[in-house]
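Analysis of the macromolecular model
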Amino acid sequence: MAGLLIALEGPDGCGKTTQIELLKDRLEREGYEVIVTREPGGTKISEKIREILLDNDNNEMGSCCEALLYAASRAQLVEEVIKPALAEGKMIICDRFVHSSLVYQGIGRGLGIKEIEGINSFALNGLKSDLTIMIDIDFEKGLDRKRNQKKLDRLENSGNDFHKKVYNGYQYIKNEIKDIEVVDGAMSKEEVHEKIFSLIENKIR
Ligand code: TYD
């Protein structure tokens, strides 16, 4: 069987991390070989780029630099981890992928969806996720969850206006671009998991 690249998406605090853990266990119990990775990050070089991107000291970073660094981190992850794993028929679950850049940089930072699609198409040589699942969550609820969780990084500290734009960006992608499956994040963690798992089962069939 050919491998499958599944991207989990959603605004900060939507519950991706919990869902990815549940999904990995479930898929492994079903007999799949699963690789979990995250963006930005997932390779030595991409993790270094992640540090630069999320460092609260780097407040002067321009939006263009930010978008290119996300794409650079992704290019390395695809080359080093994703392509080989796909070739070996593995199931790859990626915590965020290109849609995060469309939303955070394209809409949140105002760089434009087409522009971000362009640099990512170059960075990934056209590779796309096979299935992208977005956990949809209320704007305030997501941010509250994040704020209670840990010390905030540079992106999370970008202010309510930015996060509102990110939230609206996900709504835009969901309603207008429609290449993304949407799961209601207000459901219980078990219900969200069942929904995500059934989307993957459908894709495999
Ligand atoms: P993430 O690792 O998902 O953070 P957390 O686990 O704390 O939710 O992502 C780090 C931040 O980077 C997050 O605020 C979203 C942002 N981001 C972008 O702005 N563009 C991108 O392309 C990606 C992948 C992430």
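What counts and how
Residues numbered from 1 in each chain as written. Predicted model: local features only at pLDDT ≥ 70, side-chain atom pairs only at ≥ 80, totals over all residues. Heavy atoms only, no water. UniProt positions renumbered as here; feature names shortened; annotations may be inferred. Helix = DSSP H or I, 4+ residues; strand = E, 2+ residues; numbered from the N terminus. Near = heavy atom within 4 Å. Polar contact = N/O pair within 3.5 Å; in protein donor to acceptor, adjacent residues only side chain to side chain. Areas by Shrake-Rupley, 256 points an atom, 1.4 Å probe, with all protein chains shown as cover. 1 Å grid on protein atoms, 1.4 Å probe; cavity = no way out; pocket = protein on both sides within 12 Å on 5 of 7 lines; lining within 4 Å. Sits in = over half its atoms within 2 Å of the grid points. Nonpolar A, V, L, I, M, F, W, Y, C, P; charged D, E, K, R; others polar. Core = buried A, V, L, I, M, F, W, Y, C linked by side-chain atoms within 4.5 Å. Buried < 20%, exposed > 50% of the residue type's maximum accessible area, 1.4 Å probe, protein only.

To continue, consider the UniProt feature "domain: Thymidylate kinase-like" (unreviewed entry) in the protein chain. Under the UniProt annotation, "domain: Thymidylate kinase-like" (unreviewed entry) lies at residues 8–196. For the annotated span residues 8–196, helix accounts for 58% and strand for 12% of the residues, and the straight-line distance between the end C-alpha atoms is 9 Å.

On to the site of the ligand, then. Around the ligand, a shell composed of 16 residues is seen, among which Tyr 70, Arg 74, Arg 96, Ser 101 and Gln 105 lie nearest. Between the ligand and Arg 50, the relevant distance is 3.0 Å, taken from an oxygen atom to a side-chain nitrogen or oxygen of the residue. About the coverage of the ligand: the protein hides 95% of its 540 Å² of free accessible area. The cavity that encloses the ligand is the largest pocket. Mapped onto the shell around the ligand, the elements with two or more residues apiece are α2 (44–54), α3 (63–87) and α4 (98–108). The leading source of residues in the shell around the ligand is α4, at four residues. Across the shell around the ligand, the residue classes tally to four nonpolar, three polar and nine charged.

Counting residues in hydrophobic clusters, the biggest one holds 32 residues, and the most contacted among them are Leu 5, Leu 53, Ile 82, Phe 97 and Tyr 104. Those elements giving two or more residues to this core turn out to be β1 (4–9), α2, α3, β3 (91–95), α4, α5 (113–124) and α7 (160–177). Looking at which element gives the most residues to this core, the answer is α3, with eight residues. Formed by 20 residues, the second largest nonpolar core is a distinct cluster that contains Leu 4, Met 91, Ile 135 and Val 192.

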